[in-house]
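# Structure at a glance
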Amino acid sequence: MPTPFRRYVQVGRVALINYGPDEGKLAVIVDVIDANRVLVDGPTTDVRRQSLTTKRIALTDIVVSIPHGAGQKAVKKAYIAADVDGQWSKTAWAKKRAARAKKANLGDFERFQVLLARKKNSAIVNAKTQQLAKAAQKK
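The present account deals with the structure reproduced in this document. (Residues numbered from 1 in each chain as written. Predicted model: local features only at pLDDT ≥ 70, side-chain atom pairs only at ≥ 80, totals over all residues. Heavy atoms only, no water.)

A separate point is the pattern of salt bridges. Evaluation of the coordinates by the stated rule reveals five salt bridges. Note that R7 and D61 form a salt bridge whose closest N and O atoms lie 2.6 Å from each other. On the criterion of sequence distance, the pair formed by R7 in the segment before β1 (13–17) and D61 in strand β5 (residues 57–63) is long-range, its members being 54 residues apart. D61 sits in the exposed class, given a relative accessible area of 54%. Across the pair D22 and K25 runs a salt bridge, and its minimum N-O distance is 3.7 Å. (Salt bridge = Lys/Arg side-chain N within 4 Å of Asp/Glu carboxyl O. Helix = DSSP H or I, 4+ residues; strand = E, 2+ residues; numbered from the N terminus. Buried < 20%, exposed > 50% of the residue type's maximum accessible area, 1.4 Å probe, protein only.)

Dropping the structure here:
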């Protein structure tokens, strides 16, 4: 039976940094140092080449074809050729993060508008539900 796990710590795997000053940025794993540390580089996301513990990254499904220990120019070329930013923006994970960031940046009036829109939508749904319930009782 094949294992359902597909996100391995491997050279070329794109990872999302989830802790520290580069939190929220994408980086490519360039080298695996040991069982707990990897060397990452973010050529277009301003993540400098550095060693990170695997606890501080989240692996994505995106893999870039680069050789073991590739230089910054090779990583950047492969990153752009694979359109990693485009692939990432299409994922549900990225869309969820963008929606959360957008919600966090709402002002008072925008939050009020959202409240009114939710109330209006809820009223429409409840009215339709009651209408369908009455129709079901008549039968």
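Here we have five strands laid out as an open sheet, ordered β4-β3-β2-β1-β5, and antiparallel in their pairing. Both outer strands of the open sheet, β4 (47–53) and β5, are each paired with one neighbouring strand and no more. Across the sheet, the axes of successive neighbouring strands diverge by a mean angle of 40°, strand direction being ignored. Alignment of strand β2 (residues 26–32) against strand β3 (residues 37–42), held across four bridges, turns out to be antiparallel. When the sheet's bridge partners are listed, I29 is paired in β3 with V40. Across the sheet, helix α1 (residues 72–81) touches β2, β3 and β4, and the angle it forms with β2 is around 130°. (Pairing = 2+ DSSP bridges. Axes fitted to C-alpha atoms, helices over the stretch in contact; angles between N-to-C directions. Contact = heavy atoms within 4.5 Å.)

Okay, α1 next. Since the α-helix turns once every 3.6 residues, residues separated by three or four places project in the same direction. Among the residues making up α1, those that are buried are V75, A78 and Y79. End-on view of α1: buried residues confined to an arc of 105°, all on one side of the axis. Of the exposed residues in α1, the ones pointing more than 90 degrees away from its buried face are K73, K77, I80 and A81. (Arc of directions from axis to C-beta.)

Now for the packing of aromatic side chains. For the coordinates displayed, the defined rule picks out two aromatic pairs. When the ring of F5 is compared with that of Y8, the centres are 5.2 Å apart and the planes differ by 80°; the resulting orientation is edge-to-face. On the accessibility criterion, F5 (45% relative accessible area) is partly exposed. Between the aromatic rings of W88 and W93, the centroid separation amounts to 5.2 Å while the plane-to-plane angle is 65°, which identifies the pairing as edge-to-face. Given a relative accessible area of 28%, W93 falls into the partly exposed group. (Phe/Tyr/Trp six-rings, centres within 6.5 Å; stacked < 30°, edge-to-face > 60°.)

The residue D46 is not glycine, and still its phi comes out positive at about 60°. Its place among the elements puts D46 in the loop between β3 and β4. Look at D83: it is not a glycine, yet its phi comes out positive at around 50°. According to the relative accessible area criterion, D83 is partly exposed, its value standing at 43%.

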